[in-house]
Amino acid sequence: MLAGIDTSAGSDGDHDRALIAILAAAHAGELAAAYAYRGHWRSRRGAARWDDRREIQRIEAAEWHHRRLVHGLLAELGSGPVRWRELLMATIGRFFGALCFVGGRFGPMYAAGRLEAMNVGQYVDAAAHARAGGRAEMAELLDEMVAEEARHEEWFGDQVRGHPLLPLVAAVGGWRPPATPTPISASVDH
Ligand SMILES: [Fe+2]
Ligand SMILES: [Fe+2]
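Heads up: these notes are all about the structure in this document.

Parameters and conventions
- Residue indices follow the written sequence of each chain, beginning from 1 at its first position.
- For this description, chains carry letters from A and ligands carry numbers from 1, given in the order in which they are written.
- Per-residue local features of the predicted model are confined to residues with pLDDT of at least 70, and side-chain atom pairs are confined, for both listing and counting, to 80 or more; whole-chain, interface and lining totals are unaffected and use all residues.
- Here a helix means four or more residues in a row that DSSP labels H or I, a strand means two or more in a row labelled E, and each is numbered from the N terminus.
- Counts of 20 or more other C-beta atoms within 10 Å of a residue's own C-beta define buried residues, counts of 12 or fewer define exposed ones, and intermediate counts define partly exposed ones; C-beta atoms are placed from the backbone.
- Residues are scored as being in contact if the C-beta atoms we place from backbone atoms lie within 7 Å.
- An axis is simply a line fitted to the C-alpha atoms; with a helix, the fit covers only the stretch in contact. Between two such axes, the angle follows the N-to-C directions and lies from 0 to 180 degrees.
- Any angle between 65 and 115 degrees counts as roughly perpendicular, while under 35 counts as roughly parallel, over 145 as roughly antiparallel, and the rest as oblique.
- Note on convention: the crossing is left-handed when the near helix lies turned anticlockwise from the far helix by less than a right angle, right-handed when the turn is clockwise.
- For this classification, Asp, Glu, Lys and Arg are treated as charged, while Ala, Val, Leu, Ile, Met, Phe, Trp, Tyr, Cys and Pro are nonpolar and the rest, including Gly, are polar.
- Under the convention used throughout, the expected extent of a helix is 1.5 Å for every residue step, that is, one less than its residue count.

## Some words on the overall build of the protein
Scanning the protein for helices and strands turns up seven helices and zero strands. When the helices and strands of the protein are read in sequence order from the N terminus, they spell out α-α-α-α-α-α-α. The dimensions of the protein, computed from C-alpha atoms along their principal axes, are 50 × 50 × 30 Å. Here the protein, with 190 residues, has 35% of them falling under the buried criterion. Considering only residue pairs separated by 6 or more positions, the protein has 78% of its internal contacts joining residues 24 or more positions apart.

Laid out in structure tokens, this is it:
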């Protein structure tokens, strides 16, 4: 999660500039995620992995959709993608996508969950800047993207929850699956 932003200070122009910087990074980040997930679902072969494959495919499609939305937002702000970032993130995404073919199940699922948590933070900050800069409609769209990324984070988190490697990797990686809601039976039993 990124550090919170101070939305009380700054002119609308400052918020727009901050928004453009976050969205340009997010636009390239979505490309990395989409390529990485394409490698990830393709590496999940066989009937036993069918559910993984289908869900990661669905998440890949959501990332392409986000990318189109972010492109539109950047255009609305009079800006666009940053070429070197796009190239760099495309390479990173393809690299991690290829890595999914040599690793086990845990690594790619953990890395994806961690990436999704960063995306949540990016869009939370972007929405805050949009709102503080008087762009309510844009903020609402960004809120929806936060919710979608949080769903992705939760799904990847569910795939690694309880794994014996998780405590060690979480200590190094700085991310652990989001807490699951308390079961209803536990909350009404008193
Ligand atoms: Fe996304
Ligand atoms: Fe995502």
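Having put the structure on the table, let's press on.
## Looking at the environment of Ala75
With respect to the helices, strands and loops of the structure, Ala75 is situated in helix H2 (residues 50-76). On the basis of neighbour count, Ala75 is assigned to the exposed category, with 11 C-beta atoms found within 10 Å. Distance in space between the C-alpha atoms of Ala75 and Ile20 is 9.6 Å, their sequence separation being 55 residues.

## Considering the environment of Ala147
With respect to the helices and strands, the residue Ala147 is situated in helix H5 (residues 136-160). Taking the C-alpha atoms as reference points, Ala147 and Leu115, separated by 32 residues in sequence, lie 15 Å from one another.

## Considerations on the packing of helix H4 (residues 106-132) against H5
Look at H4 against H5: their axes get within 8 Å of each other, and the N-to-C directions meet at 165°. Classified by the interaxial angle, the pair formed by H4 and H5 is roughly antiparallel. Relative to H5, H4 is oriented so that their crossing is left-handed. Residue composition of the contact of H4 with H5, grouped by class: 20 nonpolar, five polar and five charged.

## Looking at H2
Taking 1.5 Å per residue, 27 residues should reach 39 Å; H2 reaches 39 Å between its end C-alpha atoms and fits that length. Along H2, the positions that sit buried rather than exposed are Ile56, Ile59, Glu60, Glu63, His66, Val70 and Leu73. The inward-facing, buried residues of H2 contact helix H1 (12-43) and H5. One or two residues past the end of H2 sits Gly78, with phi positive at roughly 75°.

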